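Read off the chains here:
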Amino acid sequence: MITKRANTLPHALTFEEKYNAIGHQDTRYEGIFITGVKSTGIFCRPSCRARKPKAENVVFFDTTQQALQYGLRPCKVCKPMEQLDETPQYVTDLIQELHENPYLRIKDYDLRNRGVEPSHIRRWFKKHHNMTFHSYQRLLRVNAAFNSIHQRGETVINAALDSGYNSLSGFNEGYRSIFGSSATVENSKHVINIVRFTSPIGPMFACATDLGICLLEFTDRRMLETEFKDLRKRLNAVILPGRHRYLDLLQSELAEYYSGKRQHFTVPLHTPGTDFQQIVWNNLQKIPYGETRTYKQQAVAINNPKAVRAVASANGKNRIGILIPCHRVIGSDGSLVGYGGGLHRKKWLLDLES
Ligand SMILES: [Zn+2]
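About the cut-offs
- Residues numbered from 1 in each chain as written.
- Predicted model: local features only at pLDDT ≥ 70, side-chain atom pairs only at ≥ 80, totals over all residues.
- Heavy atoms only, no water.
- Helix = DSSP H or I, 4+ residues; strand = E, 2+ residues; numbered from the N terminus.
- Buried < 20%, exposed > 50% of the residue type's maximum accessible area, 1.4 Å probe, protein only.
- Contact = heavy atoms within 4.5 Å.
- Areas by Shrake-Rupley, 256 points an atom, 1.4 Å probe, with all protein chains shown as cover.
- Core = buried A, V, L, I, M, F, W, Y, C linked by side-chain atoms within 4.5 Å.
- Domains from an automatic or database assignment.
- Donors = N, O, S within 2.8 Å, 3.2 Å for Na, K, Ca; no water.
- Pairing = 2+ DSSP bridges.
- Axes fitted to C-alpha atoms, helices over the stretch in contact; angles between N-to-C directions.
- Arc of directions from axis to C-beta.
- Phe/Tyr/Trp six-rings, centres within 6.5 Å; stacked < 30°, edge-to-face > 60°.
- Salt bridge = Lys/Arg side-chain N within 4 Å of Asp/Glu carboxyl O.

## Observations regarding the overall build of the chain
For the chain, the count of helices and strands is 15 helices and ten strands. Taking all 354 residues of the chain together, 50% fall into the buried category. Contacts in the chain between residues at least 24 apart in sequence constitute 66% of all its contacts with a sequence separation of at least 6. Element-wise, carbon and sulfur atoms account for 50% of the exposed surface of the chain, whose accessible area totals about 17400 Å².

## Some points on the nonpolar core
The biggest cluster of nonpolar side chains holds 34 residues, and the ones touching the most others in it are Ile213, Leu216, Leu250, Leu254, Tyr258, Ile322 and Leu323. Looking at this core, the elements that each hand over two or more residues are strand 5 (190-197), strand 6 (204-209), strand 7 (212-218), helix 11 (245-258), helix 12 (275-284), helix 13 (295-301) and helix 14 (308-316). If you tally residues by element for this core, the top one is helix 11, at six residues. Looking at which domains feed residues into this core, each of domain 3 (153-258) and domain 4 (275-353) supplies at least three. The residues contacting Ile213, other than those within four sequence positions of it, are Cys207, Ala208, Tyr246, Leu247, Leu250, Val267, Pro268, Leu269, His270 and Ile320.

## Some points on the coordination of the zinc ion
Listed as protein donors to the zinc ion are Cys44 (SG), Cys48 (SG), Cys75 (SG) and Cys78 (SG); their distances from the metal cover 2.2 to 2.4 Å. Coordination of the zinc ion draws on donor residues from a single chain, spaced C-x3-C-x26-C-x2-C in sequence. You can call Cys48 buried: its relative accessible area is 7%.

## Notes on the sheet that holds strand 5
Within the open sheet, the four strands sit side by side as 7-6-5-8. Their pairing is mixed. In this open sheet, the two edge strands, each paired with only one partner strand, are strand 7 and strand 8 (237-241). Across the sheet, the axes of successive neighbouring strands diverge by a mean angle of 25°, strand direction being ignored.

## Some points on unusual backbone geometry
Within the chain, Asn130 stands out as a residue other than glycine whose phi angle is a positive 55°. Residue position: Asn130 is located in the loop between helix 5 (118-129) and helix 6 (133-150). A relative accessible area of 24% means that Asn130 is categorised as partly exposed. With a phi close to 65°, Ile322 is a non-glycine residue in the positive phi region. Mapped onto the elements, Ile322 comes out in the loop between helix 14 and strand 10 (329-330).

## Here's the deal with helix 15 (residues 343-353)
Within helix 15, burial applies to Arg345, Lys346, Leu349, Leu350 and Glu353. Taken down its axis, helix 15 places every buried residue within 135° of arc, on the same side. Where helix 15 is buried, its residues meet helix 2 (64-69), strand 7, helix 11 and strand 10.

## A short note on the sheet that holds strand 1 (residues 34-37)
Spatial strand order, 3-1-2-4: four strands in an open sheet with mixed pairing. Edge strands, defined here as strands with exactly one partner in the open sheet, are strand 3 (58-61) and strand 4 (73-74). Sheet analysis places strand 1 next to strand 3, joined by four bridges and oriented antiparallel. Across the sheet, Val37 pairs through a bridge with Val58, a residue of strand 3.

## So, the packing of aromatic side chains
Under the criterion given, the structure shown has 15 aromatic pairs. With centroids separated by 5.3 Å and ring planes inclined at 75°, the aromatic side chains of Trp124 and Phe125 adopt a geometry described as edge-to-face. By relative accessible area, which is 8% here, Trp124 ends up buried. Take Phe125: its relative accessible area is 1%, and that puts it in the buried class. Ring plane angle 50° and centroid distance 5.2 Å describe the contact between Phe125 and Phe133, whose orientation is recorded as tilted. For Phe133, a relative accessible area of 3% corresponds to the buried category. Taken together, the ring pairs in this structure connect Phe15, Tyr19, Tyr29, Phe33 and Phe60 into an aromatic cluster.

## Digging into helix 12
Listed in full, the buried residues belonging to helix 12 are Gln277, Val280, Trp281, Asn283 and Leu284. Down the axis of helix 12, the sector holding all buried residues measures 160°, keeping them to one side. Here the buried face of helix 12 lies against helix 10 (224-235), helix 13, helix 14 and strand 10.

## Some words on the pattern of salt bridges
By the definition in use, this model includes 16 salt bridges. Close ionic contact of Glu227 with Arg221 constitutes a salt bridge, the shortest N to O distance being 3.1 Å. When sorted by exposure, Glu227 lands in the same class as Arg221, which is buried. Here Lys347 and Asp351 are joined by a salt bridge, their closest N and O atoms 2.9 Å apart. Residue Lys347 and its partner Asp351 are both found in helix 15; the two are separated by four residues, about one turn of the helix. Its relative accessible area of 45% is what places Lys347 among the partly exposed residues.

Here it is in structure tokens:
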């Protein structure tokens, strides 16, 4: 996923070299790196004409995809999603439209209605940004929702909580479509807290209730919005950015896990789901660190040897990556097979544990 584009320079650039390169309208560095600006939440191409950000606010990425996963959105001035001189007008128009409304959902059907062939868009995004047009829209939406409240700070959220969420109705419709509908918000008795943080294999979202961690996923996971919706419904809850003691504990245990210093997690889990899912998810947690199982073995282990496909499906519905180690289940021929977080991450995790 993290594919570097053609790099003609003899060595990897240091932070200082990249920082010196920006702000000169110098196009030699185009395609080599992307500049992220934490203070404004946007990302730029190296030759952006906008005012040069302070070094402490800058983070560099290899690809636009990494910048999006990090939660940033493309700059209006330098338009980093477009290629210099070679972006077709219909792509420019779509990017512009999504810039004005990141919650818009432009489906293949809508594209055809505009006389745009969906496969052309798909190929353009794949070629220039190594992601689909739909993943681009998904990342924009979730980022916009998360950032809209995150940036308003904890006082806004506390005020909303104190008034029984009524002031949440002021939050925009796009936010509510992802983290809590207006009806849900007003009737909600429960809050799910959400944080975004970085990991060695990409940024992640984690959610917690007072019962435990209820979600841990990479931010580019395709099923993310479905999982948010499912959690909100099952727990009659609204999702709000904010800290939680279990989220703090999770992040410190995960940092140890990623550095190879931790094999077991102590943070409690909260896993609403069907009885069958609960059995499958429980059984996943019994696979020891450093080992793998096949779907068949997992089906046998729950005394339901014929339920291989149902076991695979319940694995796929696991919302708590890594802690409920669905990455330890592989195909009967030893192949890695599907993983919601992407096969390169599954491989990374299994290599870490071996
Ligand atoms: Zn820019």
